[in-house]
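# Overview (structure and organization)
The residues making up each chain are set out below.
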Amino acid sequence: METEIVYAEDGEANEAIIKATRLLEAGEVVALPTETVYGLGANALDADAVAKIFAAKDRPSFDPLIIHLGRREQIHEYCDISPELDEVVQKLIQEFWPGPLTMVLPKKDIIPDIVTSGLPTVAVRMSAHPIMQEICKGLGKPIAAPSANKFGRISPTSAGAVLKELDGKIPLIVDGGACNAGLESTIIRVEVGETKPQLHLLRAGPVVKEDLQKIGKVIRPKKLTERARKALLEKQGGRGEQSPEAPGMLESHYAPSTPLYLFDKPGDFIPEEGKSYALLSYRGQEKDGYMELYDWDVVEELSPGKGKLGEASVRLFHVLRMLDECGVDAIIAEPVAETGLGVAINDRLRRASQR
Ligand code: AMP
Ligand code: MG
């Protein structure tokens, strides 16, 4: 299959939107821009179309998808929300939609099981990207859209990155420019709670804990060890409610093909003779002199000099991809500050790293 890229940046949005909508109506998959990362979309109500997402990505069937809405009110068509829960949900919608916040809510039967990996809940969000919004509205149905990369790999934040991941596997990429958040959406499971709404943080992302605390109590689910997760998955045959808190939140994810090692102090890293290394630094300033310690073959900075977390999150996947392509034996990375957006960035770095 030939993969076509249609540019939607310079007033050509209509052609791209019409093409994408036609393909989605015909049960095809299309790569679409969002403010977080590029998604691989299909009509969420068409189980056969959704199956094509799993096939193109090599995504295991136990990893459920997020559905995207064009209008806020649609949430009641696809989610089974009690009046008490709706009070909380509406506050979250008011504050964060359209935007990078995904809510996990009880699902209605109209959502096929393949979308939710058999779970009784569905993950739902409304993207702030104008092109994604137009397409969702035009289709009039929810679009299931995980990141447009091969399973476990680095998420794409540009149309070119999607092409590298899925060339020949999908008919169309809508190019809407670089993603301006650069990290996947924050995911919360929403509960009414006894005194205060309970927001279970399943994935850290651009909507940070401090923002969510305005609406309710933010609860971090207990982490399963990799071994416990594997045992659980095996027991359940790799499907269904394999982890009540965060299905699909695999410890290894977002990974470059080149091994990446995360060091609190990159100066502690001991290089091997004859090997080449790239340094992924946060702000590029000399901490313990590590920038000078080795003859790094490549150095990339997430937020050159300034240490701005917003800049670091926009650049993270792009820089990881560049380092992956530069032919070194390993990437040595340092964490960013563990506050605000830094929590999500460090989460991605940890999952990208070898343990
Ligand atoms: P993505 O790969 O960015 O589409 O993210 C999808 C992720 O959302 C999955 O890997 C899960 O971690 C999470 N998710 C989706 N649906 C559910 C659900 N029903 N319950 C809990 N987490 C979910
Ligand atoms: Mg993904």
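The following paragraphs examine the structure supplied in this document. Small disclaimer: the values here were computed from a predicted structure and weren't measured.

Parameters at a glance
Residues numbered from 1 in each chain as written. Chains lettered and ligands numbered in written order. Predicted model: local features only at pLDDT ≥ 70, side-chain atom pairs only at ≥ 80, totals over all residues. Heavy atoms only, no water. Helix = DSSP H or I, 4+ residues; strand = E, 2+ residues; numbered from the N terminus. Buried < 20%, exposed > 50% of the residue type's maximum accessible area, 1.4 Å probe, protein only. Contact = heavy atoms within 4.5 Å. Areas by Shrake-Rupley, 256 points an atom, 1.4 Å probe, with all protein chains shown as cover. Core = buried A, V, L, I, M, F, W, Y, C linked by side-chain atoms within 4.5 Å. Salt bridge = Lys/Arg side-chain N within 4 Å of Asp/Glu carboxyl O. Pairing = 2+ DSSP bridges.

Here we take up the overall build of the chain. Broken down by element type, the chain carries 12 helices and 15 strands. Considering the chain as a whole, with its 355 residues, one finds that 57% of them fall into the buried category. The contacts in the chain between residues at least 6 apart in sequence include a share of 67% that link residues at least 24 apart. About 15,400 Å² of surface is accessible on the chain, with carbon and sulfur atoms providing 48% of the total.

It is worth spelling out the nonpolar core at this point. Ranked by internal contacts, the top residues of the largest apolar core, which has 49 residues, are Ile67, Ile75, Leu92, Met103, Leu105 and Leu212. Per-element accounting of this core gives the leading share, six residues, to helix H4 (residues 83-96). Leaving out residues up to four positions away in the same chain, Leu92 has contacts with Trp97, Leu101, Met103, Ile188, Val190, Leu199, Leu212 and Ile215. Within the second largest apolar cluster, 27 residues are counted, among which are Leu260, Leu280, Leu341 and Val343.

On to the pattern of salt bridges. Per the stated rule, a full pass over the model turns up 20 salt bridges. As a salt-bridge pair, Glu184 and Arg348 come within 2.8 Å of each other at their nearest N and O atoms. Remark: Arg348 occurs in helix H12 (residues 342-352) and Glu184 occurs in the loop between strand S8 (172-175) and strand S9 (186-191); sequence separation between them is 164 residues. Under the relative-accessibility criterion, Arg348 is labelled buried at 1%. Residues Glu191 and Arg189 are paired through a salt bridge, measuring 2.4 Å at the closest nitrogen-oxygen approach. Residue classification places Glu191 among the partly exposed positions, given a relative accessible area of 30%. Here the residues in one salt-bridge network are Arg153, Glu165, Arg321 and Asp324, joined through shared partners.

For strand S3 (residues 39-43), a buried count of five out of five residues is recorded, marking the element as mostly surrounded by other parts of the structure. Two elements, strand S2 (residues 30-32) and S3, share three bridges in a ladder whose sense is antiparallel. Counterpart to Val30 in the pairing with S3 is Gly41. Connecting S2 to the antiparallel partner S3 that follows it, the hairpin turn spans six residues. Two strands pair when backbone bridges link them, and S3 and strand S7 (residues 143-144) are joined in this way by two bridges, in the antiparallel orientation. When the sheet's bridge partners are listed, Ala42 is paired in S7 with Ala144.

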